[in-house]
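Architecture and fold: a report
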Amino acid sequence: MNPFPSWDECVNMELAFFPIGSTEQHGTHLPIHTDTIIAAIVAQRLAERFAPAYVVPALPYSASFEHSGFPGSVSLRVTTITAVVQDVVHSLEQSGIPRCVIINGHGGNALLHNIAQELNAHGHRVMLAPKRLHWERAYQQAGISVSLSQDMHAGEAETSLLMHLFADGVVKTDKLIDVDTPRRPLLEVVGMKAFTPTGTIGFPSRATSAKGKALLDALVREISHSVEEFMSLG
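Residues numbered from 1 in each chain as written. Predicted model: local features only at pLDDT ≥ 70, side-chain atom pairs only at ≥ 80, totals over all residues. Heavy atoms only, no water.

Okay, the layout of surface pockets next. The volume enclosed by the largest pocket comes to roughly 890 Å³. Mapped by element, the contributors of at least two residues to the lining of the largest pocket are α1 (34–49), α4 (132–142), α5 (156–165) and α6 (187–190). The leading source of residues in the lining of the largest pocket is α6, at four residues. Size it by volume and the second largest pocket reaches roughly 200 Å³. If you list the elements that add at least two residues to the lining of the second largest pocket, you get α1 and β2 (54–55). When residues in the lining of the second largest pocket are grouped by element, the largest group, four residues, is from α1. Broken down by class, the residue content of the lining of the second largest pocket amounts to 13 nonpolar, one polar and no charged. (1 Å grid on protein atoms, 1.4 Å probe; cavity = no way out; pocket = protein on both sides within 12 Å on 5 of 7 lines; lining within 4 Å. Points joined across faces, edges and corners; volume = space filled by probe spheres on them. Helix = DSSP H or I, 4+ residues; strand = E, 2+ residues; numbered from the N terminus. Nonpolar A, V, L, I, M, F, W, Y, C, P; charged D, E, K, R; others polar.)

Across all of its chains, the model carries two aromatic pairs by this definition. Consider the rings of Phe 17 and Phe 50, whose centres lie 6.3 Å apart with planes at 45°: the pair is tilted. Taken together, the residues Phe 17 in strand β1 (residues 15–20) and Phe 50 in the loop between α1 and β2 connect sequence positions 33 residues apart. Aromatic side chains Trp 135 and Tyr 139 sit 6.3 Å apart centroid to centroid with 85° between the ring planes, which places their arrangement in the edge-to-face category. Of the two residues, Trp 135 and Tyr 139 both sit in helix α4, four residues apart, roughly one turn of that helix. Judged on exposure class, the residue Trp 135 and its partner Tyr 139 are both buried. Lys 193 extends its terminal NZ or CZ atom over the ring of Phe 70, reaching a point 5.2 Å from the ring centre. The ring of Phe 203 has Arg 206 lying over it, and the distance from NZ or CZ to the ring centre is 4.1 Å. (Phe/Tyr/Trp six-rings, centres within 6.5 Å; stacked < 30°, edge-to-face > 60°. Buried < 20%, exposed > 50% of the residue type's maximum accessible area, 1.4 Å probe, protein only. Lys NZ or Arg CZ within 6 Å of the ring centre and 35° of its normal.)

The subject of this paragraph is empty space enclosed by the protein. Summed over the entire model, instances satisfying the criterion amount to two cavities of 30 Å³ or more. Looking at the second largest cavity, its volume works out to about 30 Å³. Lining the second largest cavity are Ile 38, Ala 39, Val 42, Ile 103, Asn 104, Gly 105, Pro 130, Trp 135 and Leu 219. Those elements that provide at least two residues to the lining of the second largest cavity are α1 and β3 (99–104). Looking at which element gives the most residues to the lining of the second largest cavity, the answer is α1, with three residues. Residue classes in the lining of the second largest cavity are distributed as seven nonpolar, two polar and no charged.

Two elements in contact, α1 and α5, have axes separated by 11 Å at closest approach and are oriented at 65°. Between α1 and α5 lies a crossing of left-handed hand. Contacts from Thr 34, Asp 35, Ile 37, Ile 38 and Ile 41 of α1 reach α5 at Glu 158, Leu 161, Leu 162 and Leu 165. In the contact of α1 with α5, the residues fall into six nonpolar, one polar and two charged. (Axes fitted to C-alpha atoms, helices over the stretch in contact; angles between N-to-C directions. Left-handed = near helix turned anticlockwise from the far one by under 90°. Contact = heavy atoms within 4.5 Å.)

With that settled, the discussion passes to the nonpolar core. Counting 38 residues, the largest nonpolar core has Phe 17, Val 42, Val 101 and Ile 103 as the members making the most contacts within it. Breaking this core down by element, the ones donating at least two residues are β1, α1, β3, β4 (125–129), α4, α5 and α7 (209–232). Per element, the largest residue contribution to this core is eight residues, and it comes from α7. Not counting chain neighbours up to four residues away, the residues in contact with Val 101 comprise Leu 15, Ala 16, Phe 17, Phe 18, Met 127, Ala 129, Val 227 and Phe 230. Formed by 24 residues, the second largest nonpolar core is a distinct cluster that contains Val 56, Leu 59, Ile 97 and Ile 115. (Core = buried A, V, L, I, M, F, W, Y, C linked by side-chain atoms within 4.5 Å.)

Below, the discussion takes up helix α3 (residues 111–121). Within the span of α3, buried status applies to Leu 111, Leu 112, Ile 115, Ala 116 and Leu 119. Buried residues of α3, seen end-on, are gathered within an arc of 135° and therefore sit on one face of the element. The outward face of α3, more than 90 degrees from its buried face, is lined by the exposed residues Gln 117 and Ala 121. Looking one or two residues beyond α3, the residue adopting positive phi is Gly 123, at roughly 95°. (Arc of directions from axis to C-beta.)

Written as structure tokens, this is what we have:
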């Protein structure tokens, strides 16, 4: 599937995938745009399964306020994100693409649930993925050693994904530092830096490329089941 379609290739498309990532620290071993990379790849893989489908260019900023204590992290205000998502959905509809699946690459984007609910309440067709259940099932299938909560950020899962997607140089394997922080009270008040000196929460030292491939395949497969149900709605 052509990842860079011209307008005439979008005619008669029924479905768009809109990846939303983030620009935020991912420990000392992963790039700050990790979430955007993952969201864009998942969206592309899903579009191939549901072809013909349109992949909207990824939005590389979202709500990363909990990472503001680390250099390089950038956030958009909630009102800005809401307006951007609404505008993208409206634009897709005006161009003849009636359904949109938002692929959320950043777990901190809780507001996207409410944005999707509001859009659907006003007659639009919007789905948000991956859900927590998609991730949990994918973790199990890929053999990730700990839970999603324990491996919250820049840990075994995200590091494995980038090891799989990039052969060399992107994952700094000499800087894999595990941080076990099972309790994170008042995270939304004090931010990530109160719980991790490196920015990592999880176990990147356990990451492998093989786990990354298995995780990506499983995540796309799990989301696909929900997209099929979404497409069956009237």
